[in-house]
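Inside the fold
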Amino acid sequence: MPEPSGGAQEDPQAATDLLHAAVAETLRELSGLGPDELRKDRYERFRRLGVIHGE
């Protein structure tokens, strides 16, 4: 997620707007997935935690 120039502390409203847009986009993407696919994706994501790639 991008941050406003100077950081969120310099422009909290812009940071809020960027966060809102990012959350809305992610929810749009996820709303097309069914429960089984969401569970499978979550399981796979957690299985990758701590895995070092490229070694």
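Residues numbered from 1 in each chain as written. Predicted model: local features only at pLDDT ≥ 70, side-chain atom pairs only at ≥ 80, totals over all residues. Heavy atoms only, no water.

**Section: the overall build of the chain**
Selection criterion: By definition, any uninterrupted DSSP run of H or I lasting at least four residues is a helix, any uninterrupted run of E lasting at least two residues is a strand, and each is numbered from the N terminus. The globule rule used here is 2.2 Å times the number of residues to the 0.38 power, and the radius of gyration it is set against is calculated over C-alpha atoms. Type-normalised accessible area, obtained with a 1.4 Å probe on protein chains alone, sets the label of each residue: buried when under 20%, exposed when over 50%, and partly exposed for intermediate values. Using the Shrake-Rupley algorithm and a 1.4 Å probe, accessible areas are obtained, with residue cover drawn only from the displayed protein chains.
Helix and strand counts for the chain come out as two helices and zero strands. For the chain, whose C-alpha radius of gyration is 16 Å, the value lies well above the compact-globule estimate of 10 Å for 55 residues. In terms of overall dimensions, the chain has a C-alpha envelope of 40 × 35 × 15 Å along the principal axes. Each of the 55 residues in the chain was classed as buried or not, and the buried ones make up 5%. Surface exposure of the chain reaches about 5,000 Å², of which carbon and sulfur atoms provide 56%.

**Overview of the pattern of salt bridges**
Heads up, the rule is: Salt bridge, as used here: a side-chain nitrogen of Lys or Arg that lies within 4 Å of a carboxyl oxygen of Asp or Glu.
Under the criterion given, the structure shown has three salt bridges. A salt bridge links Glu 25 to Arg 28; the shortest N-O distance between them is 3.1 Å. Here Glu 25 pairs with Arg 28, and both are found in helix α1 (residues 12–31), just three residues apart, close to one helical turn. Of the residues examined, Glu 25 reaches a relative accessible area of 34% and is grouped as partly exposed.

**As for helix α2 (residues 35–48)**
Just so we agree on the cut-off: Expected helix span is given by 1.5 Å per residue-to-residue step, counting one fewer step than there are residues.
End to end, α2 covers 20 Å across 14 residues, agreeing with the expected 20 Å (1.5 Å per residue, within 8%). Just past α2, the residue Gly 50 takes up positive phi, approximately 80 degrees.

**Side note on a nonpolar patch on the surface**
Convention followed: A patch consists of residues exposed above 30% relative accessible area that lack any salt bridge, with like charges linked at up to 9 Å and nonpolar side chains (Val, Leu, Ile, Met, Phe, Trp, Tyr) linked at up to 5 Å.
On the surface, a nonpolar cluster with roughly 420 Å² of combined accessible area is contributed by Met 1, Leu 19, Val 23 and Leu 27. Among the residues examined, Met 1 registers a relative accessible area of 63% and is labelled exposed.

**Details of the environment of Leu 27**
Structurally, Leu 27 can be placed in helix α1. The exposure class of Leu 27 is exposed, given its relative accessible area of 54%.

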